[in-house]
Amino acid sequence: MIKIKVPASTANIGSGFDCAGIAVSLYNYAEMEIAEGCHISSADGSDIPTGEDNLIYVSAKKVFEKSGVLFTGLKITEENNIPFARGLGSSSACIIAGVFGANELLGRPFTRDELLDIAAEIEGHPDNVSPALLGGFTVNAMDGQKVRYVKTEIPEKLVFAAFVPPFELKTADARAVMPKEVSLSDAVLNLSGSALMAASFISGKYENLRRSCCDRLHQPYRLPLIPGGEEIIEKSYENGAAAAYISGAGSTMMAIFDCDKTKAEEIAKNILSDEIFTGWKYFILNADNSGAAAL
Ligand code: HSE
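No experiment lies behind these values; they were computed from the predicted model shown. (Residues numbered from 1 in each chain as written. Predicted model: local features only at pLDDT ≥ 70, side-chain atom pairs only at ≥ 80, totals over all residues. Heavy atoms only, no water.)

**Some words on unusual backbone geometry**
No. 1: At the junction of glycine 250 and serine 251, the peptide bond is cis and its omega measures out at 15° in the coordinates.
No. 2: The topology assignment puts serine 251 in the loop between strand E8 (243-246) and strand E9 (253-258). (Helix = DSSP H or I, 4+ residues; strand = E, 2+ residues; numbered from the N terminus.)

Below is the structure:
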């Protein structure tokens, strides 16, 4: 039996739609062992699919098939701490638990980079699976079936305040509201912002992040689906945030502060004290620079 730990991830970071993400210090765990048939349970009482459509199971099975080893089934016990359908990479964490766990059970026939390609194929885009597997900030581009990426570590002094609303937002619904075509000026605004973002995380020039969060591809269309989202962005910047944006496809709003955790927590509590945020909660996190691990 093996136990796998996978971090949550915050993708897009404004302009980096479908290509940028950071792993953060909130974790799912999965115990896995080879079995006859499908045996899936939750250690924390969360309502999870327990059939062969379970995402950890599907992802693990794919790695067995690619390795050429006969797949007989798995026993999986999940502990889910990453909220579902909230833009914190819960699906990607399941995919990574499956591919990483299966690779461990098989004696590591695949490299991490090969696992990333398999995970991106399952997810359809690399921006959450890449940091969940590798840790840190990653910027990614698909090259056919292969993920080309650069990873950089994020220092502890950057604090991530995740503002989690009491409602889910399914990625499919958040993608459905986006335009199918964009103007050249909107494309340029985003590509310049995402290039600036990557260079700024790599060089530590965090004062550029506010500009790199400017985006005209997805956030203007998604914010109406997140009542209170715009207010979180405004109030985060009023309180000195370096960046504030919709985490992934939402519904979580993320703010990055260059300050100590106690101060960031005070700011988050204060922002959510307004009655329009009834039912919201916050997590105060750091980046996770290690990614998925076997414990
Ligand atoms: N880049 C994705 C999106 C993240 O914004 O739709 C969620 O899977």
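Let us keep going from here.
**Thoughts on the packing of aromatic side chains**
No. 1: Counted by the stated rule, this structure contains six aromatic pairs.
No. 2: With a centroid separation of 5.4 Å and an interplanar angle of 75°, the aromatic rings of tyrosine 57 and phenylalanine 71 are classed as edge-to-face. Of the two residues, tyrosine 57 sits in helix H1 (residues 55-67) while phenylalanine 71 sits in the loop between H1 and strand E4 (73-79), which places them 14 residues apart along the sequence. Considered together, tyrosine 57 and phenylalanine 71 belong to a single accessibility category, that of buried residues.
No. 3: Between lysine 3 and the ring centre of tyrosine 29, over which it is positioned, the NZ or CZ distance is 5.3 Å.
No. 4: Cation over ring: arginine 210 sits above tyrosine 237, and NZ or CZ is 3.9 Å from the ring centre. (Phe/Tyr/Trp six-rings, centres within 6.5 Å; stacked < 30°, edge-to-face > 60°. Buried < 20%, exposed > 50% of the residue type's maximum accessible area, 1.4 Å probe, protein only. Lys NZ or Arg CZ within 6 Å of the ring centre and 35° of its normal.)

**Some thoughts on the nonpolar core**
Nonpolar side chains in soluble globular proteins tend to be buried together.
No. 1: Counting 87 residues, the largest nonpolar core has Ile96, Phe137, Phe160, Phe163, Phe201 and Met253 as the members making the most contacts within it.
No. 2: Considering each element in turn, this core owes the most residues, eight residues, to helix H2 (residues 90-105).
No. 3: Residue-level mapping places this core at the junction of two domains, with at least three residues from each of domain 1 (2-153) and domain 2 (158-285).
No. 4: Isoleucine 96 has contacts with Val6, Gly101, Ala119, Val129, Ala132, Leu133 and Ala292, leaving out every residue within four places of it along the chain. (Core = buried A, V, L, I, M, F, W, Y, C linked by side-chain atoms within 4.5 Å. Domains from an automatic or database assignment. Contact = heavy atoms within 4.5 Å.)

Function cannot be inferred from these measures alone, as they are strictly geometric.
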